[in-house]
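# Examination of the molecular architecture
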Amino acid sequence: MSAVLAMRDAGFILGAYAATVVVIGGFALWVLRAGRRSGELVDDEEKYWT
Amino acid sequence: MSPGRIRLARRLAAKDLLIERRSRVLVNQVLPFSGLVMVVFAFALGTGGVLERAAPGLVWLAVLFSSLSTVQRSFGLETADGAMESLRVAGVDPIALFLGKAAALAIELLVLVTVLLGLAVVLYGTEPRAEGIVLLVTTAISATLGLAALGTIYGGLAAGGSGRETLLPLLVLPVAAPVLIGATRGVEAALGTDRTAVSEGWPWVGLLLVFAVAIGVGGALAFGTLIED
Amino acid sequence: MSDPATNPTPADRSAPAVDLRGVIALLGGFPALSGIDLRVERGEIVLVAGPNGAGKSTLLNVCAGLVPVARGHAEVLGTDLRGDRGALRHRIGLLGHRNGLYADLTVAENLAFWADMVGANEAETAAALTSAGLDGRLSSVRVSALSAGQRRRTALAVLLVRRAELWLLDEPHAGLDPSGRDELDDLIRLAVASGVTVILASHDLERSRALAGREIVVKGGTVSEAA
Amino acid sequence: MTPSPQTSIRRATGTRATRVLGIVTLVMLGWLGLFGLVLSPADVDQGDAVRIMYVHVPTVWLAYLAFIVTAVCSALYLFGKRHSLGFDRVAGASAEIGVVFMALTLISGSLWGRITWGVYWQWDARLTTTALLFVTYIGYLAVRGLDGTRERRARRSAVIGLLAAPVASLAHHRPR
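Model, not experiment: these values are computed from the prediction. (Residues numbered from 1 in each chain as written. Chains lettered and ligands numbered in written order. Predicted model: local features only at pLDDT ≥ 70, side-chain atom pairs only at ≥ 80, totals over all residues. Heavy atoms only, no water.)

This brings us to the overall build of chain D. Tallying secondary structure elements over chain D gives six helices and zero strands in all. Going from the N terminus to the C terminus, chain D shows its helices and strands as α-α-α-α-α-α. The 176 residues of chain D split such that 43% are buried. Sequence separation of at least 24 residues holds for 67% of the intrachain contacts in chain D that already meet a minimum separation of 6. In the structure as shown, chain D presents an accessible area of about 9,400 Å², 68% of it carried by carbon and sulfur atoms. (Helix = DSSP H or I, 4+ residues; strand = E, 2+ residues; numbered from the N terminus. Buried < 20%, exposed > 50% of the residue type's maximum accessible area, 1.4 Å probe, protein only. Contact = heavy atoms within 4.5 Å. Areas by Shrake-Rupley, 256 points an atom, 1.4 Å probe, with all protein chains shown as cover.)

Right, here's the structure in full:
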């Protein structure tokens, strides 16, 4: 881990990785929540995908 | 292209121009606004050569901003009392509708471009050179045609319902970027900004024409679907 | 497309103006009309009554071909609504709460514009102006300077110029003063006398009953004949 | 794939396949971090900056792929005989994914640029096109947010989705 932090421009590189993980994670959570909300609108019998 | 369609389109365009002659919204509001934009550019950039070098780009930026108001006006008069809907419901050929609106818009924008180019000479000290006149005129016309076609497409979309006017700039500006780039380079070559040769401008005119044709054909075909709301 | 030469053939002249059987229409996925039966003969004036949101406007929009028929049999002026409606469009005039006029143009210019759109000649335009009582001085007044009643009449004059055979009028009396309403009714009667069929949705029941030969009630997406 | 009714209540729109896919994705993301940051050596030319490429390049490919899916599905909706709304939904969902990943592309790209060029942004054709495409599809999503029935929304956005992409890319193929 210290080797990672010691590389040149570690802030920018780690920032790029962090941004990627955070944005993808946030988007995934948003999709899951939207899906849950949509799922509540549908009767259980009509959930053909389950 | 049937003669009936062209006749309809001409009549539609004539109607728009007659309304403009009556209401003078463009002359009294949009034109002063675009002039103001040119002046404000001068305030922001100051003197000392920057303005002269940036003049072609500034002219087209001002055109772009003002064209948004022009498009809004063009479709505002159709939606104010549901006229566009009446035309659509009555089954008036949507291709003729597109061509007519686009033609009127092109004429209005051409006036705007001419005035702004003239203003650039006065305010920014850009002198057109004799050998670049043909390029200048061709660039202005081809860029205007593209903008008019583009504005008609997105104007038609924005005309469908309430609260869509704010969407127009967001939709138009990114797609109009090729016009902005091409028209700016074309005018730079025509004026000889940064010692560019006139011959460097013609490929850009090509780009502008490709754009105008592509958007014109695409818009004519898609217009019926777009206003079918 | 809006070729005036596509006059109705004798066969669909005799067809009823509107023939709906078991029509279901959806708005946003929900049935706004759930099984409508309605037959309107040529030259009739039919009043569509019913509470707000019952589907009166939807019914008119279905007849105009603006709201698709999800299920059922639907014929207007002898043309199946589920087929190609292109030729049908210019034969139908739908008037909602907006008039579809250009405020900066005069009455005559608005009509002349529409005449060009549908290929009507000057005589027809002049006749429409006279029928609507808009000839003379009024014809050269800008629409923006007209009263609400005069605008309505101009809008109906457009339908005359278009030679629309079926008029679908959604609250035509809304926003008019009594004299404006009288003039509007006169114009509608005049149009019907010349062969036009009118379906009007209205809350002004007393006035509309005097005008209409028949009244139907739309409620909960279905139709019933008023007693 | 045939769960008991009790468990399906909390299942929302997920399926076993999407759940497996999600877990695989999480594992792969961790793997990417491990390989990209620790296990792989620095590049001879770019130095450690090359590590950003390991996230930058996949995101841009994904974004372009998503926009292609949007365009294809728009065309399928518009020109298909049945005007199936399913295509419209795929087009819209794909555009959302595209916008998210194009945002990531722009972020990681500008960080890479800061290391390599010393500036976050350079006005060359490729960067400009990417930024324009990004804004274009934000506009596309805004059009999808407009009022109207599902069919209207589908028609409108299909036209915009088909029209916008090639035009914005025209900035890329401009003459020299």
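Turning next to the domain arrangement of chain D. Quoted interface sizes are often the accessible area lost when the parts come together. Residue and element names in this part refer to chain D. Its domain assignment divides chain D into domain 1 (13–42) and domain 2 (45–172). For domain 1 versus domain 2, the distance between C-alpha centres works out to 23 Å. Facing seven residues of domain 1, the contacting portion of domain 2 comprises five residues. A per-residue breakdown of the area domain 1 buries against domain 2 is headed by Leu32, Gly36 and Ala42, which together make up 68% of the total. Here domain 1 is connected to domain 2 by three residue pairs in polar contact (both at pLDDT 80 or more). Class assignment of the residues belonging to the side of domain 1 that touches domain 2 gives a composition of five nonpolar, two polar and no charged. (Domains from an automatic or database assignment. Buried area = accessible area lost by both parts, 1.4 Å probe. Polar contact = N/O pair within 3.5 Å; in protein donor to acceptor, adjacent residues only side chain to side chain. Nonpolar A, V, L, I, M, F, W, Y, C, P; charged D, E, K, R; others polar.)

With that settled, consider the interface of chain D and chain B. Contact with chain D, which involves 23 residues of that partner, is made by 24 residues of chain B. Between chain D and chain B the total buried area reaches about 2,200 Å² when both faces are included, carbon and sulfur atoms providing 80% of it. Inspection of the region where chain D meets chain B yields zero salt bridges. Put simply, chain D and chain B have zero residue pairs in polar contact (both at pLDDT 80 or more) between them. Sorting the residues of the side of chain D that touches chain B by element identifies helix H5 (125–144) and helix H6 (150–169) of chain D as the ones contributing at least two each. (Salt bridge = Lys/Arg side-chain N within 4 Å of Asp/Glu carboxyl O.)

Take the interface of chain B and chain C next. In this assembly, 28 residues from chain B lie in contact with 22 residues from chain C. Of all residues in chain B, Arg11, Arg22 and Asp81 of chain B give up the largest surface area on contact with chain C, accounting jointly for 27% of the area buried on that side. Along the contact surface separating chain B from chain C lie four salt bridges. Put simply, arginine 73 of chain B and aspartate 104 of chain C hold a salt bridge, and the shortest N to O gap is 3.2 Å. Applying the counting rule to chain B against chain C returns 12 residue pairs in polar contact (both at pLDDT 80 or more). Elements with a contribution of two residues or more to the side of chain B that touches chain C: helix H1 (3–23), helix H3 (50–79) and helix H4 (83–89) of chain B. Here the side of chain B that touches chain C takes nine residues from H1 of chain B, the largest share from any one element. Among the residues forming the side of chain B that touches chain C, the class breakdown is 12 nonpolar, five polar and 11 charged.

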